[in-house]
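Structural overview
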Amino acid sequence: MSQEPSFLPHESRAFDLLSSRVGYAFINAEHVIESAQGIIQSLSYTPDVSVINQPLTDAFVEFFGYEESLDEMLAGNVPFIEIAEVNRPTFDDDVDYFDFGIYPADNKNPGEGLILLVENTTSQGKLMQRLIQQRNELRLAQSDLANANRELHKVNELKSVFLSMAAHDLRSPLSIISTYADIMLTHKDKQPFEQSYVFSRILEQSMWLNSLIDDILNLNMVEQGKLKVNLEKTDIRMPLRSIVDQFQPIFKNRNIDIRLEEPEEAVWVSADANRIKQIALNLVGNSAKFLGDSGDIRLTVATDSATNEAIIGFGDNGPGIPPAQQEELFQLFYRTPGASKFAGTGLGLYIVKTLSELHGGTIEVESEEGHGTTFFLRLPIMTSD
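The sections below set out a description of the structure shown in this document. (Residues numbered from 1 in each chain as written. Predicted model: local features only at pLDDT ≥ 70, side-chain atom pairs only at ≥ 80, totals over all residues. Heavy atoms only, no water.)

1. Some words on the pattern of salt bridges
- Applying the stated criterion to the full structure yields 10 salt bridges.
- Here Arg 378 and Asp 304 are joined by a salt bridge, their closest N and O atoms 3.6 Å apart. Residue Arg 378 is located in strand β12 (residues 373-380), and its partner Asp 304 is located in strand β9 (residues 295-304); the two are separated by 74 residues in the primary sequence.
- Measuring nitrogen to oxygen at the nearest pair gives 4.0 Å for the salt bridge that ties Arg 378 to Glu 364. Placement of the pair is Arg 378 in strand β12 and Glu 364 in strand β11 (residues 362-367), with a sequence separation of 14 residues.
- Shared partners join several salt bridges into a network, and the residues in it are Asp 235, Arg 237, Arg 241 and Glu 262. (Salt bridge = Lys/Arg side-chain N within 4 Å of Asp/Glu carboxyl O. Helix = DSSP H or I, 4+ residues; strand = E, 2+ residues; numbered from the N terminus.)

2. Topic: the packing of helix α8 (residues 273-291) against helix α10 (residues 348-358)
- Contact geometry of α8 with α10 gives a least axis separation of 10 Å together with a crossing angle of 150°. Considering only the axes of α8 and α10, their crossing is left-handed. For the pair formed by α8 and α10, the contact residues are Arg 275, Gln 278, Ile 279, Asn 282, Leu 283 and Asn 286 on the first element and Gly 348, Leu 349, Ile 351, Val 352, Leu 355 and Ser 356 on the second.
- A per-class count over the contact of α8 with α10 returns 6 nonpolar, 5 polar and 1 charged. (Axes fitted to C-alpha atoms, helices over the stretch in contact; angles between N-to-C directions. Left-handed = near helix turned anticlockwise from the far one by under 90°. Contact = heavy atoms within 4.5 Å. Nonpolar A, V, L, I, M, F, W, Y, C, P; charged D, E, K, R; others polar.)

3. A few points about the packing of helix α7 (residues 237-252) against α8
- Packing of α7 against α8 brings their axes to within 9 Å, and their N-to-C directions diverge by 35°. Crossing hand, α7 versus α8: right-handed. Touching Pro 239, Leu 240, Ser 242, Ile 243, Phe 247 and Phe 251 of α7 are Ala 273, Ile 276, Lys 277, Ala 280, Leu 281, Val 284 and Ala 288, all from α8.
- Residues belonging to the contact of α7 with α8 are distributed by class as follows: 11 nonpolar, 1 polar and 1 charged.

4. Structural notes on the layout of surface pockets
- Considered as a void within the structure, the second largest pocket measures approximately 230 Å³ in volume.
- If you go around the second largest pocket, the residues you meet are Met 207, Asn 210, Ser 211, Asp 214, Ile 243, Gln 246, Asn 274, Lys 277, Gln 278 and Leu 281.
- Classifying every residue of the lining of the second largest pocket gives 3 nonpolar, 5 polar and 2 charged. (1 Å grid on protein atoms, 1.4 Å probe; cavity = no way out; pocket = protein on both sides within 12 Å on 5 of 7 lines; lining within 4 Å. Points joined across faces, edges and corners; volume = space filled by probe spheres on them.)

5. Here's the deal with the sheet that holds strand β1 (residues 22-27)
- Within the open sheet, the 5 strands sit side by side as β2-β1-β5-β4-β3. Their pairing is antiparallel. Lying at the two open borders of the sheet, with one neighbouring strand each, are β2 (33-37) and β3 (81-89). Along the sheet, successive strands turn relative to each other by an average axial angle of 20°, direction set aside.
- The pairing of β3 with strand β4 (residues 95-104) spans 7 bridges and is antiparallel. In the strand pairing of β4, Ile 81 is matched with Ile 102.
- Taken strand by strand, helix α4 (residues 67-74) contacts β3, β4 and β5 (114-120), and its axis lies near 40° from that of β4. (Pairing = 2+ DSSP bridges.)

6. Quick look at the sheet that holds β11
- With respect to topology, 5 strands assemble into an open sheet ordered β7-β9-β10-β12-β11, the strand pairing being mixed. Bordering the open sheet on either side are β7 (256-261) and β11, each of which pairs with just one other strand. If you compare each strand with its neighbour and ignore which way they point, the axes differ by 15° on average.
- Pairing geometry for β7 and β9, over 6 bridges, is parallel. Of the residues in β9, the one forming a bridge with Ile 258 is Ile 297.
- Relative to the sheet, α7 contacts β7, β9 and β10 (309-316), its axis offset from that of β7 by approximately 165°.
- Here α10 sits on the sheet in contact with β11 and β12, set at roughly 135° to β11.

None of this, on its own, says anything about what the molecule does.
Right, here's the structure in full:
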């Protein structure tokens, strides 16, 4: 009398787990299922369902049309038949996934019958379906993003064209206003002080508006990565002198003293003179805005031999800036609470920082409430050769 094989507890548990996922059946030469183990359980059928004594194609419609291949396998001409990723609906409107495989029961005597293996791959199948769905959703999102980027690019191009046209149309009347105000200031000796003061403010505000137009256009170029500087060997004193000469007659009527303190010898840097003027115009304009109708503005040029840098200072004796606000000054659109009563957009210092970095330099601020503010522009020094 044969003895039933005995299993250790963990072996028995492993067998139970395996039989819940994998079933097998023996198929005779007439394609009829003679015996089966674990088939019902792995297929998630109800216990009263049986596949015994059923033709293979009745129990597993997936093999319908494979009759000739089964005969070839029984004749030893086909090594195996596998059907992967078969999905079947369940009674609770879900889907299960299976892999089917048929192999000779005896490789030496294939005509004796076949072995059918059924593996429940539902967890892998559902995972794969989720991955496919997520991949399709990602592709759709990428397509939508690409379309949105194309539309955004078109909008940016239209914005750039609009800004260029608006800047051109604004500069023309501003140029006329500035010219007439400048002409009137050249004859200020023949005018009452009040008239000279008015014309100086007209000219000053025209300059601020021109500077604002430059800032808006530059911001647009920054956003598109097109803001550039034409670096040339430049004596940094020259563009600063130009700014001071430009402002002195305007500030005179406001009792604002602007001066440049510079070394006797040239300080050579690699710079775009017009961009340096733009930096200076923004910083001097900020100082004048908070000084009101009196005060001092000092532009200084010094060198730092330790770092081989030119240090350009833009200082004033205005109200100063609290330490907490100094950290935010160079952020785009940032305006200090005290600036709310003055016209401005919060672009100026952001553009100053951007232009400083394009020169390979840095911009810093030192300020104390009640004791003025100084901005320091640091630029690498070039040799005079």
